[in-house]
Amino acid sequence: MESVHTSSMTRDGYGRKDLVYFGGCDYFRLSGHPAVVQAIHEGLDEFGLNVAASRITTGNHALYGILEKRICEFFKAPDAVLVSSGYLANLVAAQGLSEDFQNSIMDRGAHTSLVDGSTLISPHPPLFYNHLDCHDLKSLLPVERKSESFVLLTDSVFSITGEVAPISDLLEILPEHSMMLLDESHGVGVMGETGRGVFENPLESDERVIRSITFSKAFGVYGGAVVGARKWIRKMRENSRIYSGNTPLPLPIVCGILKSLELLDRSADFLIRLRKNIRKVQNSLKDCGFRFNREPVPILSLKPKDEAEAGSFHESLLNHGVYPTQVRYPSPRDTPVFRFALSSEHSPEHLEALVQSVYDAKKSRNS
Ligand SMILES: Cc1ncc(COP(=O)(O)O)c(C=O)c1O
């Protein structure tokens, strides 16, 4: 890629022409929002880049505490700890929980950062339940294991497919002295009634859920955080080697995150526009023969049945001026999937180009 604007991108290799961009996870295009960019500039002018020390030594600038307080207000969470990335948020959470839990159990399709996190919770290898499968989870937790303490690790929204985890059902199955580490990277900003995530409305079991979040997707900046009960966040600050040994986020980035939180807090328009776009595409593709999410998730994914079908879809997207977002994830050995991230800033014409290319691909699939 050479550049990504609001909804188009330029890439050498496609004749340097502008293509409509449905890649990435910048669901509100806040990464280029003038107010966010200005906040980062001003932060750089005022503070320089870096505190050059861990927060537990001489690097604990007051802005980090201010941001943590804002994160608590935004997510209505009792406590929050700021971390240098969403990936590290899962590792910090795992290190914080490791003293109190014996085992981990996780969705087979969980993000790689949760897989790495599970290795920090316990020396026992994690148990994997089949993707989104509560029955399988139940079968792995027979009565004789009910007295053990588990951390269940799952994404709330799965990054490639946009599938949503059945959080309440999972919590119901979980043994009494267990916790959930819920990766809300693709939930925060976009899911829930007001965009606070899939777990936006805490149940009485709230204390059992620790949420990891990222600021590099819907918030358009960079960095991560863990939010949840005070007891667990304190343990992360005290026990996480990553928290104690890592230089915290650059201060201009903190300024950008503060601005981004302010924008999403102040106006529901971003979310309204995004949901309108999601509805439009979901309605237009209702009869296209591919399976798509019905929840208001801004991710569409389409799995070609073979390389030939992938090739014709690739061509159809280019014919309609859409960048072919074909990914093999998490490993380059995985079968290719076309993943499209809708944003609040895509125009009706952009969405139409995507819909038409899907229909063309369907035609060539059926011919
Ligand atoms: C589900 C999930 N968790 C964690 C991460 C890591 O977040 P970050 O890019 O902020 O490190 C990602 C991002 O790619 C993700 O999709």
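Use the structure listed above.
A quick note: this is a predicted structure, and the numbers were derived from the prediction, not measured.

Visitor: Looking at this structure, how should I read the overall build of the protein?
Guide: Within the protein, the secondary structure is distributed over 12 helices and 13 strands. For the protein, whose C-alpha radius of gyration is 21 Å, the value lies close to the compact-globule estimate of 21 Å for 367 residues. Structurally, the protein occupies a C-alpha span of about 60 × 60 × 35 Å along its principal axes. Evaluated residue by residue, the protein yields a buried proportion of 55% over its 367 residues. At a minimum sequence separation of 6, the contacts of the protein that also span at least 24 residues come to 70%. Carbon and sulfur atoms make up 51% of the accessible area of the protein, which amounts to about 16,300 Å² in all.

Visitor: Is there a simple way to think about the side chain of His111 in this case?
Guide: The residue His111 is located in the loop between β5 (103-107) and α4 (112-121) in this model. Within the structure, the side chain of His111 is placed 2.7 Å from the side chain of Ser113, a separation counted as a polar contact. Setting aside anything within four residues of it in sequence, one finds His111 in contact with Tyr87, Asp155, Asp183 and Tyr329.

Visitor: In this structure, what is going on with the site of the ligand? I would like to understand it.
Guide: Near the ligand lie 13 residues; those nearest to it are Gly86, Asp183, His186, Thr214 and Lys217. Within the backbone of Tyr87, one N or O atom sits 2.9 Å away from an oxygen atom of the ligand. A distance of 2.6 Å separates a nitrogen atom of the ligand from a polar side-chain atom of Asp183. Within the complex, the protein chains bury 86% of what would otherwise be the 390 Å² of accessible surface of the ligand. In terms of residue class, the shell around the ligand is made up of one nonpolar, nine polar and three charged.

Visitor: Explain the pairing of strand β13 (residues 337-341) here, please?
Guide: If a strand is regular, its side chains alternate between the two faces of the sheet. Among the five residues in β13, five count as buried, and that is most of the element. Bridge analysis of strand β11 (residues 299-302) against β13 gives four bridges, and the strand direction is antiparallel. Pairing of Ile299 across the sheet is with Ala341, part of β13. In the sheet, strand β12 (residues 326-327) pairs with β13 via two bridges, with the strands oriented antiparallel. Note on β13: the bridge partner recorded for Gln326 is Phe338.

Visitor: How should I be thinking about the sheet that holds β11 in this particular structure?
Guide: What the three strands build is an open sheet, ordered β11-β13-β12; its pairing is antiparallel. Each edge of the open sheet is held by one strand with a lone partner, namely β11 and β12. This element, helix α11 (residues 307-319), spans β11, β12 and β13 of the sheet and lies at about 30° to β13.

Visitor: Teacher, can you tell me more about helix α9 (residues 251-266) here?
Guide: The α-helix winds at 3.6 residues per turn, so residues separated by three or four positions along the chain end up facing the same way. The first and last C-alpha atoms of α9 sit 23 Å apart over 16 residues, in line with the 22 Å expected at 1.5 Å per residue. Along α9, the residues classified as buried are Leu251, Pro252, Val254, Cys255, Gly256, Ile257, Leu258, Ser260, Leu261, Leu263 and Leu264. Check the buried side of α9 and you find it contacts α1 (34-47), α2 (62-75), β4 (79-83) and α10 (269-284).

Visitor: Got a minute to help me understand the packing of helix α3 (residues 86-97) against helix α7 (residues 230-239) in this structure?
Guide: Between two packed helices, the angle of one axis relative to the other and the distance separating the axes together describe the packing. Interaxial distance between α3 and α7 falls to 8 Å at its minimum, and their mutual angle equals 95°. Between α3 and α7, the angle is such that the two are roughly perpendicular. Between α3 and α7, the contacting residues are Val92, Ala93, Gln95, Gly96 and Leu97 on the first element and Trp232, Lys235, Met236 and Asn239 on the second. The class makeup of the residues in the contact of α3 with α7 is five nonpolar, three polar and one charged.

Quick notes on the rules
- Residues numbered from 1 in each chain as written.
- Predicted model: local features only at pLDDT ≥ 70, side-chain atom pairs only at ≥ 80, totals over all residues.
- Heavy atoms only, no water.
- Helix = DSSP H or I, 4+ residues; strand = E, 2+ residues; numbered from the N terminus.
- Rg over C-alpha atoms; globule rule 2.2 N^0.38 Å.
- Buried < 20%, exposed > 50% of the residue type's maximum accessible area, 1.4 Å probe, protein only.
- Contact = heavy atoms within 4.5 Å.
- Areas by Shrake-Rupley, 256 points an atom, 1.4 Å probe, with all protein chains shown as cover.
- Polar contact = N/O pair within 3.5 Å; in protein donor to acceptor, adjacent residues only side chain to side chain.
- Near = heavy atom within 4 Å.
- Nonpolar A, V, L, I, M, F, W, Y, C, P; charged D, E, K, R; others polar.
- Pairing = 2+ DSSP bridges.
- Axes fitted to C-alpha atoms, helices over the stretch in contact; angles between N-to-C directions.
- Expected span 1.5 Å × (residues − 1).
- Parallel < 35°, antiparallel > 145°, perpendicular 65-115°, else oblique.

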